[in-house]
Amino acid sequence: MMIEGVYLKRLQVAAEREAAKMLLDKLQDKVLEVIGVFPWYKGLIGGGQTNYSLQKLPLLTTEILETYYYTEPADPSLAVYRTSGTSTGDRKVILYSEEDDQHYIDIKTKLFGELIAGSGCTRALADMGTGHAANTALTIFERLGLESSSIPFELPIQQHIEQLEAFQPDLLYTMPSILDHIVYATDNPLAFGIRKIILVGEIATPEWQCNMARLFGLEPRDIIDTYGSIEIGTIAYYSHDLGRYILADGIYAEGIGTERLGGEWRPLADDESILVLTSSVRKMLPAIRFVTYDVVRDFRPVMDGGVERQSFTSIVKRVGRELKHGEKISLYDIERVVYRHLEDAIIRVSVEDNALTVYIQSKSAENSAIPAIREEIGECIPEIGRMICNHLLDAIEVIIVAAEEPLERGQVKNKKLYYQKDKDNSRPDIYLNGGILSAIGNTPLIKLNHLFQKSGFEVYAKMELLNPGGSAKDRPALRMIREAWKEGIIGPGTSVIESSSGNMAISLAMICKVLGMRFISVVDPRTTDTNLQILKALDAKIDLVPGPDPETGEFLPARLNRVQQLLAEIPGSYWPNQYANPHNYLSHYHTTMKEIVAELGRVDYLFCSVSTCGTIRGLAEYARDHGLRTQIVAVDAEGSAIFGGNKGQRRFPGLGAGIVPPFCRTGLIDRIIHVSDSDIVKGCRALARSESVLAGASSGGIIAAVKKMEPELTPGSVCAVILHDKGERYLDTVYSDVWIQSQLGRELSAEDRTDLGR
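Here the structure is a predicted model, which means the values were calculated and not measured.

Asks: Before we move on, can you summarise the overall build of the protein chain with the specific residues and values?
Replies: Regarding its fold elements, the protein chain presents 22 helices and 28 strands. The burial tally for the protein chain puts 58% of its 758 residues in the buried class. Here the analysis covers contacts within the protein chain between residues at least 6 apart in sequence; of these, 69% occur between residues at least 24 apart. Accessible area of the protein chain: about 31400 Å², with a carbon and sulfur share of 50%.

Asks: Outline the sheet that holds strand β20 (residues 445-447), supporting the account with residue identities and numerical values.
Replies: Ordered in space as β20-β21-β28-β25-β26-β27, the 6 strands form an open sheet in which the pairing is mixed. In this open sheet, the two strands that pair with only one neighbour each are β20 and β27 (671-675). Here the strands of the sheet are splayed against their neighbours by 25° on average, with no regard to which way each runs. Across 6 bridges, strand β21 (residues 458-463) lies against strand β28 (residues 718-723) in parallel orientation.

Asks: Which residues make up the environment of A623, and what values do they have?
Replies: Secondary-structure assignment places A623 in helix α18 (residues 614-625). Judged by relative accessible area, which is 3%, A623 ranks as buried. It is 8.8 Å that separates the C-alpha atoms of A623 and Y589, two residues lying 34 residues apart in sequence.

Asks: Give me the packing of aromatic side chains: which residues, what numbers.
Replies: On inspection of all chains with the given rule, the structure shows 15 aromatic pairs. Ring centres 5.5 Å apart and planes at 70° place the aromatic pair Y589 and Y622 in the edge-to-face group. Placement of the pair is Y589 in helix α17 (residues 583-600) and Y622 in helix α18, with a sequence separation of 33 residues. Taken together, F38, W40, Y41, Y68, Y69 and Y70 form an aromatic cluster joined through their ring pairs. Cation over ring: R123 sits above F167, and NZ or CZ is 4.2 Å from the ring centre. Positioned above the aromatic ring of Y96 is the side chain of R282, whose terminal nitrogen or guanidinium carbon lies 3.7 Å from the ring centre.

Asks: Pulling in residues and values, what's your account of the sheet that holds strand β4 (residues 147-152)?
Replies: The 9 strands are arranged β4-β3-β5-β6-β7-β8-β9-β14-β13 in an open sheet whose pairing can be described as mixed. At either end of the open sheet lies a strand with only one pairing partner, and these are β4 and β13 (300-304). Pairs of neighbouring strands in the sheet enclose a mean axial angle of 30°, with direction left out of account. Here 4 bridges tie strand β8 (residues 233-239) to strand β9 (residues 244-247), and the two strands are oriented antiparallel to one another. Each residue of the ladder has a partner; that of Y238, found in β9, is Y245. Here helix α6 (residues 132-143) sits on the sheet in contact with β3 (123-128), β4 and β5 (171-174), set at roughly 175° to β3. Its contacts with the sheet place helix α8 (residues 176-185) against β3, β5 and β6 (196-199), and it is angled at close to 120° to β5.

Asks: Any details on α18? Residues and values, ideally.
Replies: Here α18 spans 16 Å end to end across 12 residues, near enough to the 16 Å set by a 1.5 Å rise per residue. Here α18 lies mainly inside the structure; 10 of its 12 residues are buried. For α18, the set of buried residues is G614, T615, I616, R617, G618, L619, A620, E621, Y622 and A623. Residues of α18 that are buried sit in contact with α17, β25 (605-609), β26 (631-637) and β28.

Asks: Could you give an account of the pattern of salt bridges, naming the residues involved and the relevant values?
Replies: A side chain with one charge can pair with a side chain of the opposite charge if their charged atoms come near. Scanning the entire structure with this criterion turns up 33 salt bridges. Across the pair E33 and K30 runs a salt bridge whose closest N-O atoms are separated by 3.1 Å. Taken together, the residues E33 and K30, both in helix α2 (residues 27-37) and 3 residues apart, mark about one turn of the helix. The class for K30 is buried, based on a relative accessible area of 10%. Note that E595 and R475 form a salt bridge whose closest N and O atoms lie 2.9 Å from each other. Note that E595 is positioned in helix α17 and R475 in helix α13 (residues 474-486), a separation of 120 residues in sequence. With relative accessibility at 16%, the residue E595 sits in the buried group. Within the structure, one salt-bridge network assembled from shared partners comprises K110, E114, D249, D304 and R309.

Asks: How would you sum up the side chain of T612? Please name residues and give values.
Replies: As for its position among the elements, T612 is in the loop between β25 and α18. For T612, a relative accessible area of 9% corresponds to the buried category. Within polar-contact distance, the side chain of T612 engages the backbone nitrogen of G614 at 3.3 Å.

Asks: So, the packing of helix α14 (residues 503-515) against helix α15 (residues 529-537): which residues are in play, and what are the values?
Replies: A pair of packed helices is captured by two measures, namely the crossing angle of their axes and the spacing between those axes. Relative to each other, α14 and α15 sit at 10°, their axes nearing to 9 Å. In terms of axis orientation, α14 runs roughly parallel to α15. Two secondary-structure elements touch here, α14 through A505, I506 and A509 and α15 through N531, I534 and L535. Split into classes, the residues belonging to the contact of α14 with α15 amount to 5 nonpolar, 1 polar and no charged.

Asks: I'd like a description of the pairing of strand β7 (residues 223-229), backed by residues and values.
Replies: Most of β7 sits inside the fold, with 5 of its 7 residues counted as buried. Across 3 bridges, the pairing between β6 and β7 is parallel. The partner of I197 across the bridge, within β7, is I223. Where β7 lies against β8, 4 bridges are found, and the strand directions are antiparallel. Across the sheet, T226 pairs through a bridge with Y237, a residue of β8. From the end of β7 to the start of β8, which pair antiparallel, there are 3 residues.

Asks: Please give an account of the pairing of strand β12 (residues 290-297) that cites residues and values.
Replies: Across the 8 residues of β12, 8 count as buried, placing the element largely inside the fold. A two-sided burial pattern is seen for β12, the buried positions comprising F290, T292, D294 and V296 on one face and V291, Y293, V295 and R297 on the other. Sheet topology places strand β11 (residues 272-279) next to β12; 5 bridges connect them, and they run antiparallel. In the strand pairing of β12, S273 is matched with V296. Of the pairings in the sheet, the one linking β12 to strand β15 (residues 314-318) comprises 4 bridges and is antiparallel in character. The residue of β15 that forms the bridge with V296 is I315.

Cut-offs used in this document
- Residues numbered from 1 in each chain as written.
- Predicted model: local features only at pLDDT ≥ 70, side-chain atom pairs only at ≥ 80, totals over all residues.
- Heavy atoms only, no water.
- Helix = DSSP H or I, 4+ residues; strand = E, 2+ residues; numbered from the N terminus.
- Buried < 20%, exposed > 50% of the residue type's maximum accessible area, 1.4 Å probe, protein only.
- Contact = heavy atoms within 4.5 Å.
- Areas by Shrake-Rupley, 256 points an atom, 1.4 Å probe, with all protein chains shown as cover.
- Pairing = 2+ DSSP bridges.
- Axes fitted to C-alpha atoms, helices over the stretch in contact; angles between N-to-C directions.
- Phe/Tyr/Trp six-rings, centres within 6.5 Å; stacked < 30°, edge-to-face > 60°.
- Lys NZ or Arg CZ within 6 Å of the ring centre and 35° of its normal.
- Expected span 1.5 Å × (residues − 1).
- Salt bridge = Lys/Arg side-chain N within 4 Å of Asp/Glu carboxyl O.
- Polar contact = N/O pair within 3.5 Å; in protein donor to acceptor, adjacent residues only side chain to side chain.
- Parallel < 35°, antiparallel > 145°, perpendicular 65-115°, else oblique.
- Nonpolar A, V, L, I, M, F, W, Y, C, P; charged D, E, K, R; others polar.

Dropping the structure here:
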């Protein structure tokens, strides 16, 4: 029996070597096949050449594909898939023939069958994004004889958990980022009863895989990471026995240095190379020496069960011409640093405005871990150190994101490394090219010389009403749209839908108009005529919700339900979700508070109105993370439920809310001041009369709050207040004597109505 086993193994080794040799021997046939499908390839290789060797054929780079492949009109008989987007905002079109699809399914079926052999799995759930992997998952499961189901990644994470509980799959086919969120949102992952997890999509470090196995009560080998691309299909899978990624059948790989790509690319480390692939089965892509731009470590052949296989230890980063010198940072190494300190972390990394920011969400995280993580990232990743030394990066920021806060939009498919070109060293962003959007932010900070001249403290007003859209909402609106644009989620022609009847709607309408997108504002009957006129002038479509939600009696749930209906009805539409999109508050974290502190140096008290709580969240987190001793004062409306009060009538939009917003973090707030509608009117009129500043309702509430706290404020204190929006939008209410008399006549004395600010 032993002799027979050795003989069979030798036959297998010989067969594998023969298969590799056959791939290269048949290269000429492959080249002729590619020329037949893509005639331009003949000119690329020199036309008259008849004897082909792999090393003499050109590398299939992004530049070549953009020149020839992505611009070709698609045959309607072919299946079309799109990449999820690049840092330039492009979503590239990838074509598959029926034969390509069949090969893709065959390879995955064989691989998955081997990976789950002997596991006893009978039920499989596909929980991932859109694209080829998601579209073919159920077919593959059916071929393996598994009962199967699927769930789209866009749904709230609670629905993912409900599906897991109801279906009880043995096999879960998902993405690392989705698994992150499932684990974070459930108390006991063991209860799902999962036996095997197959991963697709983003990088999954060995440390991350081991931690997930522990949380699900599995052995590390029960979690298998697969690596592929929409261009090539399945490329490799991770072998726990070898501690390496093994290349799939039908793929021949090469490892090259950056010098082979030309241009001013930084060299890779000695054990790193860019993966280049040739596929024997891919037809509707010229898959000969396709450059993946994925950087792998320790690329070399290994013996696997007596068979020589191509392999590498890890995928550490991507390179590309979108960044300076084509250099990108290793998310793989950043994750390894964080997991050494926090086993249950969810990690998102961005490079923006010359700063590297690592966002961490963890049940066990404390701010005390930040310095060690920041220092280790800088020390262990040479690229980061070089970029800081060369002023390509200014800093590393590590931010602990509060519990239950979604990272990068409200969706769960988002484990990516985000980049924005440095504005001084690259072409201007197409949506910040000197037009109206470039005027957002950097608003003036003025001293209120008259209202508080006898108080003994100083009050400075951040003039957010001077943003081009007339309010502070310009900042989060721009950041939410900008991030979605960079990821390729939206682009010219996209329908953007948001529930807003005020400033956010106006900001989004302005931005969408500039970028060639359609904006739909879901409003309710309380929306003012002035705001409706502004929205219409900006070419926004108005979608009116006629009545409140029957279950809660609130308009907000009714508007949000309507948003979901429109998203389902309009293909390719996008919801920024101002209520849960972290870019709402991060816009103020990275800009507004930084501007205030840079100008004043010291801020003892910061007064900010609350509604979605995005503004105050960003300001307060900046103050906390930068060790400022600023007292954060939240100004809320009477009748608001944000801080646990009883819901009541509120006459002015933009101040207070009927629910507790997802962004609300009471632990960041030192003092809460409630103001009445009459306080708001008095504050607005005092500001206009004494300082010649015509501001909106929330600004009046802030002035009233400072007045209320005046006896408590220490002499010599420096106070900053946020003047949120323009007063012209309130001419029919706050600044109308007729309206005030009809609505607040009994609450305001004649002296209040005429001369509060004296």
